[in-house]
Amino acid sequence: MREGWVAPELAGELPGLAVYWLTVDARPGRTPRAVRERMRQLAGRITGAGVVQSRQDTVPWSYRVLWRRLGVDPDVDRTPVEALMVQRLEHGGLPSRGMPDDAIVVATLETGVPIVVADAAKLSGSPGLRPAAAGETLDGPERALRAGEVVYADEQAPLARLDGQVAVDRAVGDDTAGMVVCALAAAAVSRIEIDEALWIAADMLEAAGSLGESNPGRTQ
Amino acid sequence: MIDVLERQSTAPRPPQPGTAPDERPARRALQRQIDRLERDLAGLSAASWPRKGLELRVERPSGRPRICDLGELEQIRDALANRVEIARGSLRGRHAVEDANRRLIEDMLRHPEKHRWERVSNADIGEPGCHHWHVVPRWGFVGMFANWWRVKISSGCPLAT
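All residue numbers refer to position in the chain's written sequence, counted from 1. Whichever chain is written first is A, and whichever ligand is written first is 1; the rest continue in order. The predicted nature of this model means local features are confined to residues of pLDDT at least 70 and side-chain atom pairs, given and counted, to a pLDDT of 80 or more, with totals for whole chains, interfaces and linings taken over all residues.

Draft legend 1. Examining the overall build of chain A more closely. Under the scheme used here, helices are H or I runs from DSSP no shorter than 4 residues and strands are E runs no shorter than 2 residues, and both carry numbers assigned from the N terminus. The helix and strand inventory of chain A stands at seven helices and nine strands. Only the C-alpha atoms count toward the radius of gyration. The rule for a globule is 2.2 Å times the residue count to the power 0.38. Here chain A has a C-alpha radius of gyration of 17 Å; the compact-globule value for 220 residues is 17 Å, and the two agree. C-alpha extents for chain A along the principal axes are approximately 45 × 40 × 35 Å. Working definition of burial: number of other C-beta atoms within 10 Å of the residue's own, with buried at 20 or more, exposed at 12 or fewer, and partly exposed in between, all C-beta atoms being placed from the backbone. Counting only residues that meet the buried cut, chain A has 49% of its 220 residues in that class. Taking the contacts inside chain A whose residues are at least 6 apart along the sequence as the reference set, 71% of them involve residues at least 24 apart. Whether two residues are in contact is decided by their C-beta atoms, placed from the backbone, lying within 7 Å.

Listed below in structure tokens is the structure:
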């Protein structure tokens, strides 16, 4: 696991903000039955009272605070873990959308840490966090970024929004052979939780990607 | 001469014209306040469960994640403080009403004839579930005419259809 870079103006403003990442040799595909079962069990543990109570727990609270400090209302544009929990309550379950989406769901719900997955071959250098420059977009004019919007980026261009929307030209596709898994760290979120989130996602991606693959592996 | 030098070294420095004041201490203080208020709001949110109608949403437009300037951080802090204050007041008001309803249930059980047809539900005392306490006459019309009343406690939520 490696630590990504954070633009100095962001690091100065938000101490503790970080991105950790690792790469996994895995392909996208159907979600294995064991992961679907894990999602079913996770969905069964989420209740309305639990969602409300979870805001007092350190990890979900830390991301709510991060959202607030960045000028985002977490009750309108929810943090990834809250968005998943509310989605579960509204739809009565966690529908499987295949890998890597399901790995993100499980890792995020288990730990509360936001996860983003992109195609490793389409990244230039290591991922990090920075404010977007004027005129930058995720995928063209319809997904234009506001100047100053804090985004995941590689050393060339924006990679994803903080809410997890990945640029289409960097997203995992049919030709993907390796993935970069990024975890967003906020102040007060311990390294153990970040490690756990990344390893949960990586293990599931590896297991799913190795179905039919001869030499799966993970590089650090 | 020594006295003059010492006086010069201890005198406060006048602000340099054209230099921006260092905002960092103010920003740190505002961020700490936002953290604490968000913690308070989370606590109120949990304490208000399962009550309905308590507004806990902060009235401030949400934007894209960015480094907020000092003015924006102040607005966020103020909006949060305002919401926490209102939510605390609303919750205190609810608690007072719920306490009164609990006392009413006790009195209904002791003197049902004084509370004819009164009905108190779990929601009225801030509890989850569908129980309700209802003062009804014993044996229908006979109880009504003979002034025989009792509290009927419902057994729970209706079955889903």
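Draft legend 2. Inspection of the overall build of chain B at higher detail. The helix and strand inventory of chain B stands at four helices and three strands. Going residue by residue from the N terminus, the α and β elements of chain B occur as α-α-α-β-β-α-β. The buried share among the 161 residues of chain B stands at 15%. The contacts of chain B with a sequence gap of at least 6 include a subset with a gap of at least 24, amounting to 51%.

Draft legend 3. A look at the packing of helix α2 (residues 24-48) of chain B against helix α3 (residues 70-110) of chain B. Residues and elements named next belong to chain B. Look at α2 against α3: their axes get within 9 Å of each other, and the N-to-C directions meet at 25 degrees. With respect to α3, the axis of α2 lies roughly parallel. Here α2 runs over α3; the crossing is left-handed. Axis lines are fitted to C-alpha atoms, over the contacting stretch for helices. Their N-to-C directions set the angle, which ranges from 0 to 180 degrees. Angular relationships are summarised with four words: roughly parallel below 35 degrees, roughly antiparallel beyond 145, roughly perpendicular across 65 to 115, and oblique for the angles in between. Crossing handedness follows the turn of the near helix against the far one: under a right angle anticlockwise gives a left-handed crossing, and clockwise gives a right-handed one.

Draft legend 4. Highlighting the environment of M99(A). Residues and elements named next belong to chain A. If you trace the backbone, M99 turns up in the loop between α5 (80-91) and α6 (101-111). It is 5.1 Å that separates the C-alpha atoms of M99 and P28, two residues lying 71 residues apart in sequence. Non-local contacts of M99, meaning those with residues more than four positions away in its chain, are made with P28, G29, T31, L205 and A208.

Draft legend 5. Geometry of the sheet that holds strand β5 (residues 128-131) of chain A. Residues and elements named next belong to chain A. Here four strands make up an open sheet; going across it, the order is β2-β5-β6-β7 and the pairing mixed. Each end of this open sheet is capped by a strand with a single partner; those strands are β2 (5-6) and β7 (158-161). Strand pairing is defined by DSSP finding a minimum of two bridges between the two strands. Alignment of β5 against strand β6 (residues 150-153), held across four bridges, turns out to be antiparallel. By the bridge assignment for β6, L129 is matched with Y152.

Draft legend 6. Region of interest: unusual backbone geometry. Here the residue pair M99(A) and P100(A) is connected by a cis peptide bond, since its omega of 15 degrees sits within 30 degrees of zero. Mapping P100(A) onto the fold places it in the loop between α5 and α6. A cis amide bond links W49(B) with the next residue in sequence, P50(B), at an omega value of 5 degrees. With phi around 80 degrees, A188(A) is a residue other than glycine that occupies positive phi space. Tracing the backbone through its elements, the reader meets A188(A) in the loop between β8 (179-185) and α7 (191-209). A residue is classified by how many C-beta atoms lie within 10 Å of it, and A188(A), with 14 of them, is partly exposed. The backbone of W117(B) sits at a positive phi, close to 65 degrees, despite the residue not being glycine. Its place among the elements puts W117(B) in the loop between α3 and β1 (119-121).

Draft legend 7. Region of interest: the packing of α5(A) against α6(A). Residue and element names in this part refer to chain A. It is at 9 Å that the axes of α5 and α6 come closest, and there the two elements cross at 105 degrees. By the angle between their axes, α5 is roughly perpendicular relative to α6. Contact with α5, carried on its side by P80, V81 and L84, involves V105, T108 and L109 of α6 and no other residues of that element. Taken together, the residues of the contact of α5 with α6 sort by class into five nonpolar, one polar and no charged. As a working rule, the residues Ala, Val, Leu, Ile, Met, Phe, Trp, Tyr, Cys and Pro are called nonpolar, Asp, Glu, Lys and Arg charged, and the rest polar, with Gly in that last group.

Draft legend 8. Just the environment of R161(A), in detail. All names here are of chain A. Within the secondary structure layout, R161 lies in strand β7. The spacing of R161 and R45 is 116 residues in sequence and 28 Å in space, taken between C-alpha atoms. Those residues in contact with R161, other than ones at most four positions away along the chain, are L138 and V151.

Draft legend 9. Here's a closer look at α2(B). Taking 1.5 Å per residue as the helical rise, α2(B) with its 25 residues ought to reach 36 Å, and the 36 Å between its terminal C-alpha atoms agrees with that figure. Buried within α2(B) are the following residues: L30(B), Q31(B), I34(B), L37(B), E38(B), L41(B) and A42(B). Residues of α2(B) that are buried make contact with α4 (58-69) of chain A together with α3 of chain B. Helix span, as expected, comes to 1.5 Å for every residue beyond the first.

Draft legend 10. Molecular detail of the confidence of the model for chain B. All names here are of chain B. Each residue carries a pLDDT score, the predictor's confidence in it, ranging from 0 to 100. With 86% of its residues at a pLDDT of 70 or more, chain B shows a mean pLDDT of 85. Across chain B, element-level confidence peaks in α3 with a mean pLDDT of 94 and bottoms out in helix α1 (residues 2-10) with 50. For this predicted complex, the interface score ipTM comes out at 0.85, while the overall pTM is 0.84.

Draft legend 11. Representation of the interface of chain A and chain B. Across the boundary between the two partners, chain A contributes 26 residues, which contact 22 residues of chain B. With five residues, the single largest contributor to the side of chain A that touches chain B is α4(A). Along the lines of polarity and charge, the residues of the side of chain A that touches chain B split into 11 nonpolar, four polar and 11 charged.

Draft legend 12. Inspection of helix α2 (residues 33-45) of chain A at higher detail. Residues and elements named next belong to chain A. When the terminal C-alpha atoms of α2 are compared, their 19 Å separation across 13 residues agrees well with the 18 Å that a helix rising 1.5 Å per residue should span. Listing the buried residues of α2 in full gives V35, R38 and M39. One side of α2 holds all its buried residues, which, seen down the axis, span an arc of 100 degrees. When the buried face of α2 is taken as reference, the exposed residues oriented beyond 90 degrees from it are R33, A34, E37, R40, Q41 and G44. Against α6 and α7 lie the buried residues of α2. Note that the arc is computed from the directions linking the helix axis to the C-beta atoms.

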